[in-house]
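Letter by letter, the chains look like this.
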Amino acid sequence: VQEEKIFAGKVLRLQVCTMEGAEWLEEVPEDTTVEKLKERCLKHCLPGSLEDPKTMTHHKLIHATSEKVLTDTKTVLEENIQDRDVLLLIKKRAPPPLPKMTDVSAEEKRKQEQKAPDKDAILKATANLPSRNVDRTVAHHNMRDFQTELRKILVSLIEVAQKLLALNPDAVELFKKANAMLDEDEEDRVDEIALRQLTEMGFPESRAVKALRLNHMSVTQAMEWLIEHADDPAVDAPLPGQTSSEAVGEVGAASAEVTAGPSSEAEGGEAKDELTEIFKKIRRKREFRPDPRAVIALMEMGFDEKEVVDALRVNNNQQNAACEWLLGDRKPSPEDLDKGIDTNSPLFQAILENPVVQLGLTNPKTLLAFEDMLENPLNSTQWMNDPETGPVMLQISRIFQTLNRT
């Protein structure tokens with residue numbers, strides 16, 4: 001009893017274990033360093049091993065409860081080791097050997113073998129294969145598939161929207177609203193996202209607006225125009241008015257007729273006829289405008305101007321696709337662009353059943369957007385960003401992509 005009182009708090013009795021299953025008791029003062037304790041343990045379990053100086057560095061002591069590796073330079077007290085704690089004496093794992101140069105070369109060779117072949121390798125490997133006549137239109141078939149189908153969808157949706165607006169009790173007011181939109185100069189509309197991209201490049205806003213209007217809201221073509229005309233003294237001159245007096249006269253006449261409103265005796269039929277006439281005028285006003293640069297480039301290849309315009313209209317002003325169309329079987333034809341989708345098809349039924357589309361078809365602005373996109377596909381970006389028509393176009397695209405994958 002007296003001995004325990006004398007040494008209480010000064011000498012700790014620690015149980016030490018090895019991975020081989022050996023166990024023994026070590027009694028050490030609190031101020032003993034971990035390194036000294038480890039040396040005593042190695043003398044006990046591995047007599048004579050300390051002759052090799054690496055033996056000490058190749059072993060470590062671990063506190064069994066906390067799983068903490070003890071630091072050699074700290075004392076038992078600093079490591080917060082208590083009486084009767086269990087310690088593990090473990091040999092450290094040897095670090096993995098560095099790979100030999102031959103191994104590195106083998107690994108690099110393996111990676112190269114798994115790497116996909118480049119274009120030159122493919123051409124070299126297929127050089128002796130027999131050539132086949134491939135229809136060049138197939139390569140662009142999938143690309144045109146969505147655009148062609150979208151046109152058909154828009155044509156059919158326009159017919160549905162006209163009928164819905166004609167049946168609306170407020171048809172006269174809707175006609176007035178449609179005419180007001182028609183009276184607005186479409187050249188005043190500017191794609192805000194495209195404009196911001198150009199102004200962030202450092203171009204003045206007014207000049208960027210002019211460039212976008214001249215290039216059908218194409219950022220790439222507008223940027224090229226701005227660079228080409230940077231030193232042009234007339235670069236900031238305003239654009240002349242492009243609305244013909246004939247179109248304004250037609251619209252004014254239609255507005256005057258619509259303002260009077262349909263007679264109460266044949267309200268439904270007259271409303272439908274009036275709406276049909278109004279949007280015929282819209283379509284005539286929004287004629288397709290081919291990219292002048294693409295027209296010149298394709299005509300220089302020897303194609304007739306009418307053929308070139310047809311090709312650009314079918315391929316949404318994409319010069320390369322238009323060239324492939326002219327050199328291929330010329331399908332779809334310009335006449336196919338005015339055909340609607342099969343109204344009994346699952347795709348069209350799914351579009352009509354969508355609540356967002358249903359609501360959008362009662363908005364005259366949606367109808368105007370459909371008409372504009374039919375004749376000027378490059379303007380679709382503006383309508384996709386419009387808060388009223390954008391959600392409708394997004395739903396149509398999602399439905400098409402979903403059904404196209406099934």
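Residues numbered from 1 in each chain as written. Predicted model: local features only at pLDDT ≥ 70, side-chain atom pairs only at ≥ 80, totals over all residues. Heavy atoms only, no water.

- The protein chain goes by Ubiquitin-associated domain-containing protein 1 in an unreviewed UniProt entry, where it is assigned to Centropus bengalensis.
- Note on the protein chain: under the UniProt heading Pathway (unreviewed entry), the record states "Protein modification; protein ubiquitination."
- Per UniProt, the comment on the protein chain under Subcellular location (unreviewed entry) is "Cytoplasm". (UniProt positions renumbered as here; feature names shortened; annotations may be inferred.)

1. Digging into the overall build of the protein chain
And then number 1: Each helix and strand counted, the protein chain has 20 helices and five strands in total.
And then number 2: Scored against the burial criterion, the 406 residues of the protein chain give a buried share of 36%.
And then number 3: Put simply, of all contacts in the protein chain between residues at least 6 apart along the chain, 62% involve residues at least 24 apart.
And then number 4: Element-wise, carbon and sulfur atoms account for 53% of the exposed surface of the protein chain, whose accessible area totals about 25,200 Å². (Helix = DSSP H or I, 4+ residues; strand = E, 2+ residues; numbered from the N terminus. Buried < 20%, exposed > 50% of the residue type's maximum accessible area, 1.4 Å probe, protein only. Contact = heavy atoms within 4.5 Å. Areas by Shrake-Rupley, 256 points an atom, 1.4 Å probe, with all protein chains shown as cover.)

2. So, the packing of helix α9 (residues 205-214) against helix α10 (residues 219-228)
And then number 1: Between α9 and α10, whose axes approach to 8 Å, the crossing angle comes to 120 degrees. With respect to α10, the element α9 is oriented oblique. For the pair α9 and α10, the sense of crossing is right-handed. Together, Arg207, Ala208, Lys210, Ala211, Leu212 and Leu214 of α9 and Val219, Ala222, Trp225 and Leu226 of α10 make up the contact between the two elements.
And then number 2: Looking at the contact of α9 with α10, its residues break down into eight nonpolar, no polar and two charged. (Axes fitted to C-alpha atoms, helices over the stretch in contact; angles between N-to-C directions. Parallel < 35°, antiparallel > 145°, perpendicular 65-115°, else oblique. Left-handed = near helix turned anticlockwise from the far one by under 90°. Nonpolar A, V, L, I, M, F, W, Y, C, P; charged D, E, K, R; others polar.)

3. Structural notes on α10
And then number 1: The complete set of buried residues in α10 reads Val219, Gln221, Ala222, Trp225 and Leu226. Down the axis of α10, the buried side of the element spans an arc of 165 degrees, and every buried residue falls inside it. Exposed side chains of α10 directed beyond 90 degrees from the buried face belong to Ile227 and Glu228. (Arc of directions from axis to C-beta.)

4. Observations regarding the nonpolar core
And then number 1: Membership of the largest hydrophobic core comes to 25 residues, with the highest contact counts inside it found for Ile153, Leu157, Leu347, Ile351, Phe370, Met373 and Ile396.
And then number 2: Each residue touching phenylalanine 370, except ones within four places of it in the same chain, is listed here: Leu154, Leu157, Ile158, Leu361, Val392, Met393 and Ile396. (Core = buried A, V, L, I, M, F, W, Y, C linked by side-chain atoms within 4.5 Å.)

5. A word on the sheet that holds strand β3 (residues 59-63)
And then number 1: Taken together, five strands build an open sheet; the order of strands is β2-β1-β5-β3-β4 and the sheet is mixed. Of all strands in the sheet, those with a lone pairing partner are β2 (23-29) and β4 (68-69), marking the two edges.
And then number 2: Inspection of the sheet shows β3 paired to β4 by two bridges, in the antiparallel sense. What sits directly across from isoleucine 62, in β4, is valine 69.
And then number 3: Against the sheet, helix α2 (residues 34-45) makes contact with β1 (11-18), β2, β3 and β5 (86-91), and its axis sits at roughly 145 degrees relative to β2, the strand it touches most. (Pairing = 2+ DSSP bridges.)

6. Some remarks on the pattern of salt bridges
A side chain of one charge can pair with a side chain of the opposite charge if their charged atoms are brought near each other.
And then number 1: Counting across every chain of the model gives twelve salt bridges.
And then number 2: Measuring nitrogen to oxygen at the nearest pair gives 3.5 Å for the salt bridge that ties glutamate 388 to lysine 365. On the criterion of sequence distance, the pair formed by glutamate 388 in the loop between α19 (380-385) and α20 (390-405) and lysine 365 in helix α18 (residues 364-375) is long-range, its members being 23 residues apart.
And then number 3: Each of Glu224, Glu228 and Arg293 takes part in one network of salt bridges that share partners. (Salt bridge = Lys/Arg side-chain N within 4 Å of Asp/Glu carboxyl O.)

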